[in-house]
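Fold and geometry: a report
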Amino acid sequence: MTAPRNTRSTRNIWRPLFLVYFVCSVGVLSVIADDSPGATSVARWKDDRTAAFMLMFDDSCPSHWQVAIPELAKRDMIATFYLNPGKAEFTKFRGGWETNYWKQGMVYADHTMTHKGVHNMDEAEHEIGDCAAIIRKIIPNSDAKLLSYGQPGVGPNDWKITKDELAGLLKKHNLITRGEISGHMAVYHLKTAADMLALADKAIANKTAEFIVIHGVERIVPDWHYQDFWALKQNIFFPLLDGLKERRDRGALWITDHISAHQYQTERDGADVRVIAADDRGIKLELKSKADPQLYDLPLTLITKVPTGWKQCEVTQGTNKTTVAVAAGSIHFDAIPNRDPIVISPQQ
Ligand SMILES: [Zn+2]
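Quantities reported herein were computed from a predicted structural model and do not represent experimental measurements.

A closer look at the overall build of the chain
Tallying secondary structure elements over the chain gives nine helices and 15 strands in all. By principal-axis analysis of the C-alpha atoms, the chain measures approximately 85 × 50 × 35 Å. Relative to its 348 residues, the chain shows a buried fraction of 34%. Across the chain, every contact between residues at least 6 apart in sequence was considered, and the portion connecting residues at least 24 apart equals 73%.

Set out below in structure tokens:
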């Protein structure tokens, strides 16, 4: 069909017809695409888990590495540690933080150098900026990566910069604040394992992210004759970890660190998957996200319908290659936004 193109009047006749055609065809295409090979959605959380959950440990307490980290590692779990590199609790045991715990997957975050507060911008630059620099010196290739920031609890006379000044500093140092912790602190707000697991169940019910902030953890061995600040009893802490593990093992929780959850959510919310090609021989997808690719490079979990009869697939993105099994006509796999196209092919 050819339509005259030159006059305004004929264009005006064709425009409504074109719009009707366009709306109809998009509607039909999306209905077909939803359950046809290549149809892809971004999982709400990593590995298509229902919710995200974060354990955060504040103040560089020795009981973190004496009790918490070994217990986390036993259950194959990680947590975020808000460090104060200028405090004696850190400097006395610097070696372990520098050489050990991050290699077990523990993630370090900025809780300011000394936890004493800031009285002007020079102090703020030192307290916040230098803490970030020390962490980035420990963690390889982290110079251009995001770090989590946890505001230290200090009196009003010891925090003398404005919200805007803080926001500027966080942006300058690629720091993401974990936000308000009211209602999230173990011992203070959350007394029992049931209180804390209720927060995890709330996250699962709402498909959101939740977190708990822990200070000390009770030491039994070694006996230091005193406990760290707000030490969480082992008979609460261990059942908490076991309850989180049970929820993770049945696929309900992604137990992760603050920055990973933040990255996933930001990339996911700005994500767009385009099907470039899809037939019985293979599927080609393009994954874009509005998030800055330099800072937001965490893989997203994609769920893609594959042709009937495919049992196992090879998924390639750039130099990354994985083999995944087909379940209920779909595959789950990880892909990084704003990188090479994703190529999926059947494997015999
Ligand atoms: Zn603190």
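Examining the pairing of strand β12 (residues 312–317)
Burial of β12 is one-sided: the residues Cys313, Val315 and Gln317 facing one way are buried, the residues Gln312, Glu314 and Thr316 facing the other way are not. Between β12 and strand β13 (residues 320–325), which pair antiparallel and follow one another directly, the connecting turn spans two residues, one of which, Gly318, has a positive phi of 60°. Inspection of the sheet shows β12 paired to strand β15 (residues 342–347) by six bridges, in the antiparallel sense. Pairing of Glu314 across the sheet is with Ser345, part of β15.

Considering the domain arrangement of the chain
Along its sequence, the chain is organised into domain 1 (35–46 + 271–347) and domain 2 (51–250). Using C-alpha coordinates to define each centre, domain 1 is positioned 34 Å away from domain 2. Across the boundary between the two partners, domain 1 contributes four residues, which contact six residues of domain 2. In terms of residue class, the side of domain 1 that touches domain 2 is built from two nonpolar, one polar and one charged.

Quick word on the nonpolar core
The nonpolar side chains of a soluble globular protein tend to be buried, and buried together. Judged by nonpolar contacts, the single largest core of 79 residues is most densely connected at Phe53, Met56, Phe81, Ile212 and Ile214. Mapping this core onto the domain boundaries places at least three of its residues in each of domain 1 (35–46 + 271–347) and domain 2 (51–250). If near-sequence neighbours (up to four positions away) are discounted, Phe53 is found in contact with Ala200, Ala203, Glu210, Phe211, Leu244, Leu253 and Ile255.

Comments concerning the sheet that holds β12
Two strands in a sheet stick together by hydrogen bonds in their backbones, pointing the same way (parallel) or opposite ways (antiparallel). The strand order across the open sheet built from five strands is β9-β10-β15-β12-β13, with neighbouring strands paired in antiparallel fashion. Where the open sheet ends on each side, the last strands, each with one partner, are β9 (271–279) and β13. Neighbour-to-neighbour, the strand axes of the sheet open up by a mean angle of 20°, direction not taken into account.

Looking at helix α2 (residues 62–74)
The end-to-end C-alpha distance of α2, which contains 13 residues, comes to 18 Å, matching closely the 18 Å that a straight helix rising 1.5 Å per residue would cover. Buried residues along α2 sit in contact with β2 (51–58) and β3 (80–83). Phi turns positive, to about 55°, at Asp76, one or two residues after α2.

Concerning the packing of helix α7 (residues 193–206) against helix α8 (residues 234–249)
Contact geometry of α7 with α8 gives a least axis separation of 9 Å together with a crossing angle of 20°. Judged on the interaxial angle alone, α8 and α7 are roughly parallel. Seen along the crossing, α7 lies across α8 with a hand that is right-handed. Contacts between α7 and α8 involve Ala193, Met196, Leu197, Ala200 and Ile204 from the former and Ile236, Pro239, Leu240, Gly243, Leu244 and Arg247 from the latter. Its residues assigned to classes, the contact of α7 with α8 shows nine nonpolar, one polar and one charged.

Structural notes on the environment of Ile78
Mapped onto the secondary structure, Ile78 falls in the loop between α2 and β3. For the pair Ile78 and Asp35, spaced 43 residues apart in the sequence, the C-alpha separation amounts to 36 Å. Ignoring any residue separated from it by four or fewer positions in sequence, one finds Ile78 in contact with Leu72, Gly105, Met106, Val107, Thr256 and Asp257.

A look at the pairing of β3
Covered by surrounding structure in β3 are Thr80 and Tyr82 together with Phe81 and Leu83, the residues of both alternating faces. Strand direction decides the pairing type here: β2 and β3, joined by three bridges, are parallel. The partner of Phe57 across the bridge, within β3, is Phe81. Handedness of the crossover joining β2 and β3 through α2 is recorded here as right-handed. Examined bridge by bridge, β3 and strand β4 (residues 107–110) share four bridges and lie parallel to one another. Directly across from Tyr82, in β4, lies its bridge partner Ala109.

Some words on the sheet that holds strand β14 (residues 330–335)
In spatial order, the strands read β1-β11-β14; together these three strands make up an open sheet with antiparallel pairing. The strands lining the two open edges of the sheet, one partner per strand, are β1 (40–42) and β14. Shown here is a sheet whose adjacent strand axes are inclined to one another by a mean of 25°, direction ignored. By the bridge criterion, three bridges tie β1 to strand β11 (residues 300–305) in an arrangement that is antiparallel. In the strand pairing of β11, Ser41 is matched with Ile303.

Criteria and thresholds
Sequence positions are assigned chain by chain, starting from 1 and proceeding in written order. Totals for whole chains, interfaces and linings use every residue, but because this is a predicted model, local features are given only for residues with pLDDT of at least 70 and side-chain atom pairs only at 80 or more, for both listing and counting. Strands are runs of DSSP state E lasting at least 2 residues, helices are runs of H or I lasting at least 4, and numbering of each runs from the N terminus. Think of it as a crowd count around each C-beta: if 20 or more other C-beta atoms lie within 10 Å the residue is buried, if 12 or fewer it is exposed, and in between it is partly exposed, with C-beta placed from the backbone throughout. C-beta atoms are placed from the backbone for every residue, and two residues are taken to be in contact when these atoms lie within 7 Å. Pairing between strands is defined by DSSP: at least two bridges between the two strands are required. All the domain ranges listed were derived from an automatic or database domain assignment. When residues are sorted by character, Ala, Val, Leu, Ile, Met, Phe, Trp, Tyr, Cys and Pro go into the nonpolar class, Asp, Glu, Lys and Arg into the charged class, and all the rest, Gly among them, into the polar class. Here, a nonpolar core denotes buried Ala, Val, Leu, Ile, Met, Phe, Trp, Tyr and Cys residues that are linked to one another through C-beta atoms within 7 Å. To define axes, lines are fitted to C-alpha atoms, for helices over the stretch in contact only, and angles between the resulting N-to-C directions are given on a 0 to 180 degree scale. A helix is expected to span 1.5 Å for every residue after the first. Roughly parallel here means an angle under 35 degrees, roughly antiparallel means over 145, roughly perpendicular means 65 to 115, and every remaining angle is called oblique. Note: crossing handedness is left-handed where the near helix turns anticlockwise from the far helix by less than a right angle, and right-handed where it turns clockwise. With the strands aimed away from the viewer, a crossover counts as right-handed if its path from the first strand over the helix to the second runs clockwise.

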